[in-house]
Amino acid sequence: MKILIRNSDNVAIYAEPRLTLGAEGAHGDGWFSPHFTSANATLTEADLPPNWRGGEWTYVQGVWAAADPIAHAAKVQAALDAARAALIRQIDAEADAITRAKQGDRALEYLLAEEEAQAYKDAGYTGTVPDSVTSWATPNGKSAQWAADDILATAVAWRAAQSSIRAARLACKISASTATNLEPIVAQWAGFVLAIKTTLQIS
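A brief report on the enclosed structure follows.

Conventions adopted
Residues numbered from 1 in each chain as written. Predicted model: local features only at pLDDT ≥ 70, side-chain atom pairs only at ≥ 80, totals over all residues. Heavy atoms only, no water. Helix = DSSP H or I, 4+ residues; strand = E, 2+ residues; numbered from the N terminus. Rg over C-alpha atoms; globule rule 2.2 N^0.38 Å. Buried < 20%, exposed > 50% of the residue type's maximum accessible area, 1.4 Å probe, protein only. Contact = heavy atoms within 4.5 Å. Areas by Shrake-Rupley, 256 points an atom, 1.4 Å probe, with all protein chains shown as cover. Lys, Arg positive; Asp, Glu negative; His and termini not counted. Charge placed at Lys NZ, Arg CZ, Asp CG, Glu CD. Arc of directions from axis to C-beta.

Moving on to the overall build of the protein. If you tally the helices and strands in the protein, you get five helices and eight strands. Counting helices and strands in the order they occur from the N terminus, the protein gives β-β-β-β-β-β-β-β-α-α-α-α-α. Relative to its length of 203 residues, the protein is extended, with a C-alpha radius of gyration of 29 Å against a globular reference of 17 Å. Viewed in the frame of its principal axes, the protein has a C-alpha envelope of about 95 × 30 × 25 Å. Looking at the protein residue by residue over its 203 residues, the buried ones come to 31%. For the protein, the share of sequence-separated contacts (at least 6 apart) that also reach a separation of at least 24 residues comes to 49%. In the structure as shown, the protein presents an accessible area of about 12,400 Å², 56% of it carried by carbon and sulfur atoms. For the protein, the distance from the average position of its 17 positive side-chain charges to the average position of its 22 negative side-chain charges is 1 Å.

So, in structure tokens, the structure goes:
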């Protein structure tokens, strides 16, 4: 009898005379499973033990033994916990990378420019022009009012982006902390990262 053995714990999953296993999945008599491939399972031939049922026996070096469902469940849970933690770290790291790519180490500089531009605007664009406004107006050959408005428009756009990044980051992290299938969350986060990078013109 051909038997499909899961590599992670040597549990026998399927047993059929015409069973095949390849890179794309396992094929049986009228069925196909993409969950077991030549990368995570092995196909062997052996006589089945009494009271055979898939998932209840292990097969190691020609010896059958009753599977330990508790140990297997613990191993599966440990792997899921590790995958969750890794995804959460990835989400935080990529969100931080977006912020660094946009602001570098100049967050305080940009904040000061925003505050000074807002103060100048609140004063009706009159009085002493703040340094942050002058330093942007002069090299552009523009007025102080233009510079203040441009600084504030840029700040508003970045605040909106920050809000989106925070919302997506927290939502995906919370979902990842309890999900049993992480693939939709990975896809959701990857789609967001691509979209926000496009919006912010980050390569």
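Attention now moves to helix α3 (residues 131-140). Each full turn of the α-helix corresponds to 3.6 residues, which orients residues three or four apart in the same direction. Looking at α3, one finds that the buried residues are Ser 132, Val 133 and Ala 137. Burial along α3 is one-sided: seen end-on, the buried residues are contained in an arc of 120 degrees. Along α3, the residues that are exposed and aim more than 90 degrees away from the buried face are Asp 131, Thr 138 and Pro 139. On the buried face of α3, the contacting elements are α2 (107-122) and α4 (144-178). One or two steps after α3, the chain reaches Gly 141, where phi turns positive at roughly 65 degrees.

Below, the discussion takes up unusual backbone geometry. The backbone phi angle of Asn 51 is positive, close to 55 degrees, even though this residue is not glycine. Mapped onto the secondary structure, Asn 51 falls in the loop between β6 (41-45) and β7 (57-60). Although it is not a glycine, Gln 61 adopts a positive phi angle of roughly 50 degrees. Along the polypeptide, Gln 61 turns up in the loop between β7 and β8 (63-66).

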